[in-house]
Structures are given as C-alpha cells and as structure tokens.
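Inside the fold
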2 protein chains.
Amino acid sequence: MVVNIKDVARQAGVSIGTVSRVLAKNETVGPALREKVEATIRELDFKPNHVARGLRRRRTDMIGLVIPDITNPFFAELAKHVEAIAFRSGLSVLLSITNDDPEIEVAQIESLLKSRPTGLIVVPIQSGQSQGWKGDTSTVVVDRRLVGHGLLSVDHHGGAALAADHLIGLGHRRIAYIAGPADAPVSRARRAGFVDHLKAAGIEPEIVEGHFDYVSGEALGRRLLDRAPERRATAIATANDQQAIGLLRAADDLGIKVPDQLSVIGFDDIPLASLITPRLTTIGQPVEEIAKRAVAAALDGSGAAAGKDDLLSGVLVVRNSTAAVGVEISA
Amino acid sequence: MVVNIKDVARQAGVSIGTVSRVLAKNETVGPALREKVEATIRELDFKPNHVARGLRRRRTDMIGLVIPDITNPFFAELAKHVEAIAFRSGLSVLLSITNDDPEIEVAQIESLLKSRPTGLIVVPIQSGQSQGWKGDTSTVVVDRRLVGHGLLSVDHHGGAALAADHLIGLGHRRIAYIAGPADAPVSRARRAGFVDHLKAAGIEPEIVEGHFDYVSGEALGRRLLDRAPERRATAIATANDQQAIGLLRAADDLGIKVPDQLSVIGFDDIPLASLITPRLTTIGQPVEEIAKRAVAAALDGSGAAAGKDDLLSGVLVVRNSTAAVGVEISA
DNA sequence: ATGAAAGCGCTAACAT
DNA sequence: ATGTTAGCGCTTTCAT
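As annotated in an unreviewed UniProt entry, chain A carries the name LacI family transcriptional regulator and is attributed to Mesorhizobium retamae.

Here we take up the protein's contact with DNA strand D. Near DNA strand D lie 26 residues; those nearest to it are Thr 18, Arg 21 and Gly 30 of chain A together with Ile 5 and Arg 56 of chain B. Counting only the atoms of DNA strand D that lie within 4 Å of the protein, the sugar and phosphate share comes to 62%. Arg 56 of chain A has a polar side-chain atom sitting 3.3 Å from a base nitrogen of DNA strand D. Residue assignment for the surface near DNA strand D shows that the elements contributing at least two residues are α2 (16–24) and α4 (50–57) of chain A together with α2 (16–24) and α4 (50–57) of chain B. Across the surface near DNA strand D, the residue classes break down as 10 nonpolar, nine polar and seven charged.

Once that is clear, we can look at the protein's contact with DNA strand C. With respect to spatial proximity, 24 residues lie near DNA strand C, and among them Ile 5 and Arg 56 of chain A together with Thr 18, Arg 21 and Gly 30 of chain B are the closest. If you look at DNA strand C and keep only atoms within 4 Å of the protein, 65% of those are sugar or phosphate atoms. Interatomic distance of 2.4 Å between a side-chain N/O atom of Thr 18 of chain B and a phosphate oxygen of DNA strand C. Gly 30 of chain B places a polar main-chain atom, nitrogen or oxygen, 2.2 Å from a phosphate oxygen of DNA strand C. Only α2 and α4 of chain A together with α2 and α4 of chain B provide two or more residues apiece to the surface near DNA strand C. Classifying every residue of the surface near DNA strand C by side-chain character gives nine nonpolar, eight polar and seven charged.

All right, on to the pairing of strand β6 (residues 175–179) of chain B then. All names here are of chain B. Among the five residues in β6, five count as buried, and that is most of the element. Of the two faces of β6, both are covered, the one formed by Ile 175, Tyr 177 and Ala 179 as well as the one formed by Ala 176 and Ile 178. Pairing of β6 with strand β8 (residues 235–238), which is carried by four bridges, proceeds in the parallel orientation. Counted as the bridge partner of Tyr 177 is Ala 237 from β8. Judged from the four bridges that link them, β6 and strand β7 (residues 206–209) form a sheet pairing that is parallel. When the sheet's bridge partners are listed, Ile 178 is paired in β7 with Val 208. Handedness of the β6-helix α8 (residues 185–200)-β7 crossover: right-handed.

Cut-offs used in this document
Residues numbered from 1 in each chain as written. Chains lettered and ligands numbered in written order. Predicted model: local features only at pLDDT ≥ 70, side-chain atom pairs only at ≥ 80, totals over all residues. Heavy atoms only, no water. Near = heavy atom within 4 Å. Polar contact = N/O pair within 3.5 Å; in protein donor to acceptor, adjacent residues only side chain to side chain. Helix = DSSP H or I, 4+ residues; strand = E, 2+ residues; numbered from the N terminus. Nonpolar A, V, L, I, M, F, W, Y, C, P; charged D, E, K, R; others polar. Buried < 20%, exposed > 50% of the residue type's maximum accessible area, 1.4 Å probe, protein only. Pairing = 2+ DSSP bridges. Right-handed = clockwise from strand over helix to strand, strands pointing away.

Shown next as structure tokens:
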C-alpha cells in the first residue's frame, strides 16, 4: 500500500493542509510541526503523488520535448541538456520523437498535451501552420522555424555564411553544397546563407539535396565526386556534420584526399566531428545555452515562447578537413 | 477555457459516465449515443485530461526510461525504439538521464515514481542493491545487471567471446583489450567473455580500462600503440564502438594502418560503425527486439520485469577493420 | 444500456 | 499558524 498525505497527517497528528504546506516548503509552518512532519515523511517513506497535485494545480511539473530524431547527435545533445536543466528545476521530461513525420508530430503533440505539461519545447519538422495548442502550455520552438511562433536557434543563415567565407578565404572557387530536405526551414536557412554569400562573391555552387544523415551525405558525396578532378568541386559544404562525415567516407572510397584534394565543412560541431579523420571543420552551435533558454522560456512563457526570435551566433571551428586550394596543386 | 468531460456530457445530453465509456471504447454504449458523443467530442475538440484519469486509475499511461547517457548512440537507438513502440501503444515516455552518477540515478527514479508510471525501463549504472520501488510499477532492467532483478540484454559475455574467436581465427596472438569502467557490470561481462576465451586459447591479453566514449578509446589506444611494432598488439578489441572509433583515430595519428598493421573490433554496431574508415568490425545488438521486449515487460510485468533473465544473442558483423595477421607481413 | 455518485490524493481558499 | 473543506476531471461501482 502506497502511503498518502492523509497517512502522514494522521501519523504526525496534524492536518493534511499542514503536510501540504511542508511539502510546498514556502508556507508558514511552525518549526516544531515542520520537523515533526518531515520526520514522519521520512519514517513512512512518503512520496507525494504528482498526478494528484497535477490535477489540482491544472498542470504538471513536466515539460514536453518534441524532436525529430534522437539518434541525431545534435538533438541528443540538446535532449541531454534540456533533461539536466529540467531535472535541476524539479521537472520531468516527456520525450516525443516525430521521426520527421508531420502526422506523427501532430499526434505526438496532442498526446503530450493530455498530460498537461507546464511547457513544450518543440523542434518542428515543417514550418506549416501553428497548431492552436492550449494557452496555458507555453511553447518554445527551437532550431527550426514554425510560423506564428518565435524561434530559439543558432543563426543558421549567419553560420552558413561563415562557412562560405571560410571556403572563399581559402581560395576555393569550384564549390558544391549538400543541402538538407527542402521542406525543412533549417535546410533552407542554411542553404540560403551559404549560397547567397557565395553568389555575392560571384560563385555559383552546385547544389544537391538529401536528408540530414550519414547515408545521404555519402550517396550525394559520391554523386558529386565521382567524376574527373577538373570537373569536380575543390570544396564541399554540407547542411550538417553527419552529411559531412558521410561525404568524407565517399571521398575516401574514391581515393580523394581530404583536405589536399577536397575541403569539407560541416555544421553543428557534434562531438564526433573532432574525432574522425580528418578532424572536421564545422560551424559550432551553443547547444547548452539553447537548452537553458528553451527550458526557461517553456517555464515562464518568456523569450521565444512569447513570440520573440532569439538567435544565437554560431562559431567557425577550423580543424583539418579544410585547406587552401593551392595545396592541391602542390600535391 | 479547456473543455472537459462534463461539457461534452452536457452538450451531448448524456451523463459523464456515458462519455467516459465512449472514451474507453470497450464499454457497452448504444450506437446512437455513441455517435452523438463522438460528434460532440470532435465538435468541442475535447482532449481527455490524462492527469485526472491517472489519478483515478492510480497509474498513468507513461513509462519511465532511465538511461545513463542519451548521446551514446546505443542508448539513443534504444530510446528511439522504446519511444516508437510506446507511442503505438498509447503511452508516453518520461526520460531520465543519470549521467553515470549513482546519486542522480536514485533521485531520478524517485522523481519518476511520483508520476505513477505504468512501468519503468532502467539501464542502471551500478549493480548495487535494488531500490525497493513500488510494487505497482513494474521495472525492467536492461543492458546492465542490477542485483535482485531479471536482466534483459544482449549476451555481453557471449558476444565478447565471439569477438575473441574472430581475432583468434584470424591468427592474432598479441591481443589487447580496452575495457569499460570496472564498476559497470556490462564492462565486467564483456571483459570476462573476451579474456576468458582468450585464456582458454592460451593467450594473455594486455588490458587497459576507461570510459565508454571516444575520448577514452583514443587516449587508451595511444597508450597501447605508441611503442615499437614488435611490442604492440596486432589486434585490439574494445568494450564498445565509440572506444573503437577513438582507437582508430589514435592509430591513424600514429601512422598505423588498420587493418594491415592492426585489427580493431568493437561492440554494439552503432550506425556510425559502418560509415567510418575503415568500416568497423563489431558485435551487433538486436536493439529493436530489446526495446520491444522492454516495453512489453514494463507494461505487464512479465519477462525480465518478473525477475527472469532474457538474454539475446549478439551477432558478429565483419567489416574492414579486422584482417588476418599475415597481412602485416606481406605489407 | 445508461445515470448517479463516490472518490483518486492533493492544493488552495477560507475559517479560526 | 493551523485546520477544514471544496473541488481538479476523470473512472468505476452501484442502481435503475
């Protein structure tokens, strides 16, 4: 039998109201009673029922986290920080994975809402019309734009421009770009940031499009690279690090040396980026800061949850997968 | 204002009991009323409050998932499948990350229990004494042993023996092993499976110990490899794929060719294993099957949740990071 | 087959 | 400062 607040009250010889106040910590309970109650709680090993509390307070101490793919290291990192911060704030995390399926996304969010979470952190798949979810669950949209909502995210456009700058600065002129799925706003933002910057410098990149994963990067990379050296790009940027890693694999399979014959730059700076061979040049995201702001906004409805955009700068991390174009000639 | 079951009842001209029965789907409600109620539900966009339902039923439609590290691809994969299966069963997933900290683990589980989940899936850090959690939350322990519980897991011991067999069969005799943290049961099981098998073949491996991550694999790899060729192992097995990938990196830094001069075999078969260079030979885990059984056991208290062990076989996946020892000589 | 009513375990308003 | 009490929104007997 699970003990409840009534058992504690009876055992301690106080009213359940007093026990509740001790639980809430902030109320005015005399020191004597407080200690008595606390002792009884320990003695009976009483665990407050959050479900009952949630019903009464009309919201639970949970935040819903909706992400497309937990096996994507960037989202895993985000989830990790969100969970840690939430836990420290006494919140639980309800995890939903949409698997990049818009219908599942809608169903998942509807399902989450039934548990009356305090807040929702969602990385949406599509920028489609905002679901009209309940006013008392503040929603903060992260990483990808959802119309009608503020966006908390790294500055995809600016970050991609950083990548373009880096490549141009290295002397590359034949440049290709592996984009993410066209229906994802994040793909469009990164692509636009990269391509616009290149065009401004008079360079017209070859663009291919795929998913945000290793496999896609490898396949697309092969398509871009499997041709005569003078007809292929000397530098390729990708929409995320996983594509870049797949691309590295394709290059290796084709005997193309990185960075001597090909420069590669990714986006995200996942942990693996610094560990593969060659270490990947990429655009780093301030994930922990994003997580921190996301939880805060989900809790109090401020920031991005209040409709304001909150864009953080990405940072160029130069490693060994990019080099000046001249190296090719000297090789 | 959020609509509740009372609003629906009033609007449909029935009792709340009838609405509840329609919601439960399985009750005996006349077709006429049923349709009327369903229409009203749609009309008012009624979303049943799971918190109230949970209070009344004394448990919620949630399962708690407790894992050490979501950025570990194996756990990410596990979480992904658990979430997908749970969602299909109408359950939500409460995610807890223990970050390999025993104190956090205990606190997380206590916290989860306050939400009265139907079941708990936990990948424990330490084999320490079983927490006496509530009888009405069935707990299934996955991947790592917790005394007093059944274990649902790949057969770590047998899988590691497979790896040892593979290396021996390739003719290797100077073999090293990078183990996981000694306090993790999974480390001990894999290590024992590998080492015992080797000893039975008269081979005494050199063993080093570290964490289950890239960084540790790289550092330990360097320690093992940074010596004269005739004094170092011709094959190294690791306790997981991430260590193996770190090891590959160390080998590459030292100019040691894999698999020509060194064979490397991992454990887990994470997605990345088939994408790095060289593609990693490893022991594959039936993650999805584990997830399926974990959710089933968490729901009905059967299988591993009933105290029975449920060990699934791992499978040797041969790729390009292992080769016969003779190759070295011919090189 | 349907309605009425009693809680589930808590919080918060209202008394004292 | 502490006790009493009315619900939160459902599910589930128990009547009818």
